[in-house]
Amino acid sequence: VTYEFPPYSVNETGKLTPGRRELGHGALTERGIRHAVEMRRDRSLRVHTTTTGSNGSSSMASICAASMALLHAGVDLVGGPVAGVSIGLFSRPDPDNPGETMYLVLTDILGLEDYLGDMDFKIAGNHHGITAIQLDTKLPGLPLGVLFEALDASEPALSEILDVMSTAISGPRADANVPVYYEEEIDRALD
């Protein structure tokens, strides 16, 4: 998977060469869809995603787009298409209970929520389970209950995203314009 996030996608200028963000998000996208793609020796697949505007999780959008592109190309995805969602977290000390922390888990966070929030938990999966996760946190640690709550929030979100994706394309295209191959044996005898 090749992932591009050019600076103009967020109204900036800069180099168009891949950096740490592009490599990491490309790897996450690949991990998210890899298990849904049946690996065969008779083909190779390349997915290229380019973000042209962003106010949310572009890596999770790339997973959705890659799944839909593969279906459009006629590739059968084992377990169906894969979607991605980003779960965020805001936390602060509880003014009424010293030593306690108040927190709020957000589903499908926007860019500002990612910037100001304490966590970006990226979760990719399909109707059969999770295919990839990545956790970015600004806190020194997270209670296990918060992670479980984030995982619980991701299930209905992924399901809803997958339902929306299925309205555009529900399965591999049968009439996809893909290379056709055939085998033929050549008799080596020179009779």
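Bear in mind the structure is a predicted one, so any value in this text is a computation, not a measurement.

(A) Representation of the overall build of the protein within the structure. Counting its regular elements, the protein contains four helices and six strands. Element order for the protein, N to C, with α for helix and β for strand: β-α-β-α-β-β-α-β-β-α. Computed over its C-alpha atoms, the radius of gyration of the protein comes to 21 Å, more than 25% above the 16 Å expected for a compact globule of 191 residues. Sequence-distant contacts in the protein: of pairs separated by 6 or more residues, those separated by 24 or more amount to 65%. Carbon and sulfur atoms form 54% of the exposed surface of the protein, whose accessible area is close to 12400 Å².

(B) Seen up close, the nonpolar core. Formed by 17 residues in total, the largest nonpolar core has its most connected members in Ala 83, Val 85, Ile 87, Met 119, Phe 121 and Ile 123. Mapped by element, the contributors of at least two residues to this core are strand S3 (83–93), strand S5 (119–126) and helix H4 (144–168). Here this core takes eight residues from H4, the largest share from any one element. Ala 36, Val 37, Met 60 and Ala 66 belong to the second-largest nonpolar core, a separate cluster that totals 16 residues.

(C) Layout of the sheet that holds S3. Spatial ordering of the open sheet is given by S4-S3-S5-S6, a layout of four strands whose pairing is antiparallel. In this open sheet, the two strands that pair with only one neighbour each are strand S4 (101–107) and strand S6 (129–137). Between one strand axis and the next, the sheet turns by 20 degrees as a mean value, whatever way the strands run. In the sheet, S5 pairs with S6 via eight bridges, with the strands oriented antiparallel.

(D) Summary view of the side chain of Lys 122. Looking at the element boundaries, Lys 122 is found in strand S5. Relative accessible area serves as the criterion here: at 3%, Lys 122 is assigned to the buried category. Separated by 2.9 Å, the side chains of Lys 122 and Asp 120 make a polar contact. At a separation of 3.0 Å, a polar atom in the side chain of Lys 122 contacts the side chain of Asp 136. Once residues lying within four places of it in the same chain are set aside, the contact partners of Lys 122 are His 25, Leu 28, Ser 57, Ser 59, Met 60, Val 85, Ser 86, Ala 132, Ile 133, Gln 134 and Asp 136.

(E) Main features of the pattern of salt bridges. The full count for this structure, using the stated rule, is four salt bridges. The shortest N-O distance in the salt bridge between Lys 122 and Asp 120 comes to 2.9 Å. The class of Asp 120 is buried, set by a relative accessible area of 5%. Residues joined by salt bridges that share partners form a network here, namely Asp 120, Lys 122 and Asp 136.

What counts and how
Residues numbered from 1 in each chain as written. Predicted model: local features only at pLDDT ≥ 70, side-chain atom pairs only at ≥ 80, totals over all residues. Heavy atoms only, no water. Helix = DSSP H or I, 4+ residues; strand = E, 2+ residues; numbered from the N terminus. Rg over C-alpha atoms; globule rule 2.2 N^0.38 Å. Contact = heavy atoms within 4.5 Å. Areas by Shrake-Rupley, 256 points an atom, 1.4 Å probe, with all protein chains shown as cover. Core = buried A, V, L, I, M, F, W, Y, C linked by side-chain atoms within 4.5 Å. Buried < 20%, exposed > 50% of the residue type's maximum accessible area, 1.4 Å probe, protein only. Pairing = 2+ DSSP bridges. Axes fitted to C-alpha atoms, helices over the stretch in contact; angles between N-to-C directions. Polar contact = N/O pair within 3.5 Å; in protein donor to acceptor, adjacent residues only side chain to side chain. Salt bridge = Lys/Arg side-chain N within 4 Å of Asp/Glu carboxyl O.

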